[in-house]
Amino acid sequence: MSRRLSPVAELRELVQAHVRAGTLGAHAAMKCQVRLARANRADGERLADAVASLRLTTQQMAIVHATWLGANAE
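Predicted model, so just to flag it, every value in this text is computed and none were measured.

Explanation requested: the environment of Ala66 in the structure shown.
Considering the arrangement of structural elements, one finds Ala66 in helix H5 (residues 58-70). Note on Ala66: relative accessible area 48%, which makes it partly exposed. A sequence separation of 34 residues divides Ala66 from Cys32, and the C-alpha atoms of the two residues are 8.8 Å apart.

Structure, rendered in structure tokens:
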């Protein structure tokens, strides 16, 4: 599947809604959220909800995503 279509196919409706609303950039979703959704869909949704109000750039989202992946449950 194409990288451009993967957000549509792999992201749940909640995350897609953030992209459509403009609170999560399409490029950030493609670069970060798709990879996270493949590994853990629930974490992907929680992360999207947590950052939606911040309207992060793709670069900022990449930093948050890397930090999220490196963090422990605490």
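Here the narrative resumes, following the displayed structure.
Teacher, can you tell me more about helix H2 (residues 13-21) here?
Among all positions of H2, only Val15, Gln16 and His18 are buried. Mapping the buried residues of H2 onto a view down its axis gives an arc of 155°, with all of them on the same face. Opposite its buried face, H2 presents the exposed residues Arg20 and Ala21, each directed more than 90 degrees away. Looking one or two residues past H2, Gly22 carries a phi angle of roughly 85°, positive in sign.

The rules behind these values
- Residues numbered from 1 in each chain as written.
- Predicted model: local features only at pLDDT ≥ 70, side-chain atom pairs only at ≥ 80, totals over all residues.
- Heavy atoms only, no water.
- Helix = DSSP H or I, 4+ residues; strand = E, 2+ residues; numbered from the N terminus.
- Buried < 20%, exposed > 50% of the residue type's maximum accessible area, 1.4 Å probe, protein only.
- Arc of directions from axis to C-beta.

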